[in-house]
Number of protein chains: 2
Amino acid sequence: MSDMSGISIAALALETGIGKDTLRIWERRYGFPQPVRDAKGERLYPPEQVAQLRDVRRLLDQGMRPGQVFSLSPDERSERACPPTPEGDDPGLLQLLRRHDEAALREELRMRLAREGIARFVTDAVSPMLVAIGNAWVRGEIEIFEEHLYSEQLQSVLHEAMGQLPAPGSAPKILLATLPGEPHGLGLLLAQAMLRLEGAACIPLGTQTPESQVLAAAEAYGADVVALSYSENFGAVPMRGTVRRMRAALPEAVALWCGGGGAGHLKRPPAGVSRIASLDALKEELLRWRTARSMQPA
Amino acid sequence: MSDMSGISIAALALETGIGKDTLRIWERRYGFPQPVRDAKGERLYPPEQVAQLRDVRRLLDQGMRPGQVFSLSPDERSERACPPTPEGDDPGLLQLLRRHDEAALREELRMRLAREGIARFVTDAVSPMLVAIGNAWVRGEIEIFEEHLYSEQLQSVLHEAMGQLPAPGSAPKILLATLPGEPHGLGLLLAQAMLRLEGAACIPLGTQTPESQVLAAAEAYGADVVALSYSENFGAVPMRGTVRRMRAALPEAVALWCGGGGAGHLKRPPAGVSRIASLDALKEELLRWRTARSMQPA
DNA sequence: CCCATCACTTTGTCTAGGACAAACAATGAA
DNA sequence: TTCATTGTTTGTCCTAGACAAAGTGATGGG
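Numbering of residues starts from 1 in each chain and follows the order in which that chain's sequence is written. Whichever chain is written first is A, and whichever ligand is written first is 1; the rest continue in order. Side-chain atom pairs in this predicted model are given and counted only at pLDDT of 80 or more, local residue features only at pLDDT of at least 70, and totals for whole chains, interfaces and linings cover all residues. In computing side-chain properties, one takes all heavy atoms of the structure into account and sets aside hydrogens as well as water.

Q: Please clarify how the pattern of salt bridges should be interpreted in this entry.
A: Side-chain pairing between opposite charges can occur once the charged atoms of the two side chains come close. Counted as salt bridges are all cases of a side-chain nitrogen of Lys or Arg within 4 Å of a carboxyl oxygen of Asp or Glu. For the coordinates displayed, the defined rule picks out 25 salt bridges over all chains. Put simply, A:Lys173 and B:Glu102 hold a salt bridge, and the shortest N to O gap is 3.9 Å. Of this pair, A:Lys173 sits in strand β3 (residues 173-177) while B:Glu102 sits in helix α7 (residues 102-138), placing the two residues on different chains. For A:Lys173, a relative accessible area of 23% puts it in the partly exposed group. Partly exposed describes any residue whose relative accessible area lies between the buried limit of under 20% and the exposed limit of over 50%, with all areas from a 1.4 Å probe on protein chains only and scaled to the type maximum. Among the residues examined, B:Glu102 registers a relative accessible area of 10% and is labelled buried. B:Glu15 is the partner of B:Arg54 in a salt bridge, and the nearest nitrogen-oxygen pair spans 3.7 Å. Here the residue B:Arg54 occupies a position in helix α3 (residues 47-61), and B:Glu15 occupies one in helix α1 (residues 9-16), the gap between them amounting to 39 residues. Strands here are runs of E lasting at least two residues and helices are runs of H or I lasting at least four, both read from the DSSP assignment and numbered beginning at the N terminus.

Structure (structure tokens):
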């Protein structure tokens, strides 16, 4: 009886990641979203507007500016937000996900892992799958909870596989982290798997670690490399800011690697910073580090 | 050169988990915190006030009301906030963490797990350790990055251990999730471990899953139970709101369990909602569910 | 003695519109 | 082309008032 007509501004802010202030000023400036009011005079956002806001969010993430986005009709928005890549490769996993058989999904992941080995599994199966899921989601072919389940199962399977690896070597000590504002940690885990395969010692700090803490950890653990992961959502400008600050604060001897979809915002990485374009490139970068280090040992 | 004098209200809200509105109204009502203003006229919170706010936060989490908290002097606050448990049992793990030897930490975790088994490991070692770490942190004896590393290592070890468990039974299907605004997923993992041990089929949805998505998942997977985890940071009021809404929207046949430090905000759970006070209680609740279900089968 | 009901107080979040700096786009000059 | 300089867009912060829900405490009845 309470919420047939929509959700509150606080709930909407949480769900879309758009600030309350921003939602209010969009209403004032662009006339959208235009929530109904409850008896108390408070905003209630109907589900359809919530859905439209998802498109808006997507377009903003793609780099469009609010003014342009709001001058489009809802239909135009949803059209442009959706279909960058229907692509050919829709493997069985997507269908499995939609069939809501969590046990089968897990088995399939384990099977593939066993068949292809960790490295090929990560680069050839997981990585494209994540892209496919992202696309399927914006096209509305898949639900958020399905994406979440996939991500969880994947983490579980990868942790399991890594546990069976021999004790990590010590070659470069690599600190893996995500900065505040970046909640997506799956990329870190994939990177960790690749690096452990090559015998590197990984120190995972997880997501949303403050910059000062990453620096402190780098010193405390004597890291040789600090690797940061950025998703596409991370704004280009703050991203470049973090990289600049981190590079300036880290000792010169410590390498700084930036990866993930948001690393593309580094058009030309500053000196002493490496952009990791893909998980394959990670292996190469590691090789490069090792050869460089073997030329001039301590 | 920029921020010698303090941090912005947005940063403070992020760091303390207290809403911007709340910070402003505390200033208006209680005269604390009393930030300085920069050239722009915007609030700048000095580090000492940030530290004091941590005490305030702690006291509120313990159930004290704001009015009482702010009538105390800063010294009284820090005294009451800190030392609920220096406790006798400061096991080697804390020291290990401070020694910055990630390999040894991991080995120790694995050892304990092997020695004690999953269940005892979770209830007797991990759970108190998390409390101890939390306390050490508010006392400033430990850094955030150390906490992060511990959490990551723990996740890894637990996933590993769960992977070796026999295929999950199917008794009750339990959906595990955290709602938007709650980024802490460790509790979910611990719960999952306990439940899998008892043969329940867990469907982990991870953190920050929107309410509508949890509902959709519950239907899609035919869940018998929806288990939500709340950390202490989760505000009491919104927490109760989510519980009320979820309970109303879920079919009556589906049980709703709430656990984690923030579940204490449910003084008396509404009908059809169970409060899981601890990880041990989880086992009992599962037993209760099973007996209740065996009395009246479909 | 315990529990329900009532009034009273506390408290967090919402509302409104105004203001402004930082980010972006488009211009002009070298 | 590349770099500096405008003008416009845009998110966040500001003030101050309002109100419902949660908590507190006192009353009365079993």
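Q: Help me understand the relation of the copies chain B and chain A in this model?
A: Each of the two chain copies goes to the other by way of a rotation about an axis and a shift along it. Overlaying chain B with chain A gives an RMSD of 1.9 Å, the required rotation being 178° about an axis along which the chain moves by 1.3 Å. Each copy turns onto its partner about a two-fold axis. Distance from the rotation axis, computed per C-alpha, reaches its smallest value in chain B at B:Glu160: 2.5 Å. In this assembly the copies share their binding face: 89% of the residues contributing to the interface of chain B also contribute to that of chain A. For the least-squares superposition of copies, only C-alpha atoms count, and only for residues with pLDDT at least 70 in both. In what follows, residue pairs with any heavy atoms lying within 4.5 Å of each other are defined as contacts.

Q: Which parts of the structure should I look at to understand the protein's contact with DNA strand D?
A: Around DNA strand D, the surrounding shell holds 23 residues, and the nearest of these are A:Thr22, A:Gly67, B:Lys20, B:Arg24 and B:Arg43. Near is defined per residue: the residue qualifies when any heavy atom it owns lies within 4 Å of the molecule or strand. Expressed as a percentage, the sugar and phosphate content of the atoms of DNA strand D within 4 Å of the protein is 72%. For this analysis, a polar contact is any N or O atom pair within 3.5 Å, provided that within protein one partner can donate a hydrogen and the other can accept it, and provided that sequence-adjacent residues contribute only side-chain to side-chain pairs. Within the side chain of B:Arg28, an N or O atom sits 3.0 Å from a base nitrogen of DNA strand D. Within the side chain of B:Arg43, an N or O atom sits 2.3 Å from a phosphate oxygen of DNA strand D. Per element, the largest residue contribution to the surface near DNA strand D is six residues, and it comes from helix α2 (residues 20-30) of chain A.

Q: Help me understand the pairing of strand β6 (residues 255-259) of chain A in this model?
A: The side chains of a regular strand alternate between the sheet's two faces. All names here are of chain A. Within β6, five of the five residues are buried, leaving the element largely enclosed by the surrounding structure. Going residue by residue along β6, you find Ala-255, Trp-257 and Gly-259 tucked away on one face and Leu-256 and Cys-258 tucked away on the opposite face as well. Of the pairings in the sheet, the one linking strand β5 (residues 225-229) to β6 comprises five bridges and is parallel in character. Looking at β6, one finds that Leu-228 is bridged to Cys-258. By definition, two strands form a pair when at least two bridges between them are found by DSSP. As defined by bridge partners, β6 adjoins strand β7 (residues 273-276) across four bridges and the pair is classed as parallel. The residue of β7 that forms the bridge with Gly-259 is Ile-276.

Q: Sorry if this is basic, but what is going on with the protein's contact with DNA strand C here?
A: Lining the immediate environment of DNA strand C, one finds 22 residues, of which A:Arg43, B:Thr22, B:Trp26, B:Arg29 and B:Gly67 sit closest. The sugar-phosphate share of atoms of DNA strand C within 4 Å of the protein amounts to 71%. A distance of 2.8 Å separates a phosphate oxygen of DNA strand C from a polar side-chain atom of A:Arg24. Residue B:Gly67 places a main-chain N or O atom 2.5 Å away from a phosphate oxygen belonging to DNA strand C. Of all elements in the fold, only α1 (9-16) and α2 of chain A together with α2 (20-30) and α4 (66-71) of chain B reach the threshold of two or more residues within the surface near DNA strand C. The leading source of residues in the surface near DNA strand C is α2(B), at six residues. Gly is put with the polar residues, along with every residue not named as nonpolar or charged; the nonpolar set is Ala, Val, Leu, Ile, Met, Phe, Trp, Tyr, Cys and Pro, and the charged set is Asp, Glu, Lys and Arg. A class-by-class count of the residues in the surface near DNA strand C yields eight nonpolar, three polar and 11 charged.

Q: How do you make sense of the packing of aromatic side chains when you look at a structure like this?
A: Geometry of an aromatic ring pair is reported as the spacing of the ring centres plus the angle between the planes. Residue and element names in this part refer to chain A. Note on ring pairs: Phe, Tyr and Trp rings are taken, using the six-membered ring of Trp, and paired if centres are within 6.5 Å. Classes follow the plane angle, with under 30 degrees stacked, over 60 edge-to-face and the rest tilted. Counted under the stated rule, the structure contains eight aromatic pairs over all chains. Judged by centre distance (5.0 Å) and plane angle (65°), the ring pair of Trp-26 and Phe-70 falls under edge-to-face. Residue Trp-26 is located in helix α2, and its partner Phe-70 is located in helix α4 (residues 66-71); the two are separated by 44 residues in the primary sequence. An identical accessibility class is assigned to Trp-26 and Phe-70; each is buried.

Q: Sorry if this is basic, but what is going on with the interface of chain B and chain A here?
A: With 36 residues of chain B in contact, the opposing surface of chain A contributes 35 residues. Buried area: the sum, over both parts, of the accessible surface (1.4 Å probe) that disappears when the two are put together. Here chain B and chain A share an interface that buries about 3200 Å² over both sides, 59% of which is from carbon and sulfur atoms. Broken down residue by residue, the surface that chain B buries against chain A is led by B:Phe145, B:His159 and B:Tyr221, which jointly contribute 20%. Taken together, the links from chain B to chain A amount to two salt bridges. Looking at the side of chain B that touches chain A, the elements that each hand over two or more residues are α7, α8 (144-163), β4 (201-204) and α10 (211-220) of chain B. No other element matches α8(B), which puts 11 residues into the side of chain B that touches chain A. Of the residues belonging to the side of chain B that touches chain A, the class tally is 13 nonpolar, 13 polar and 10 charged.

Structural measurements only, silent on function.
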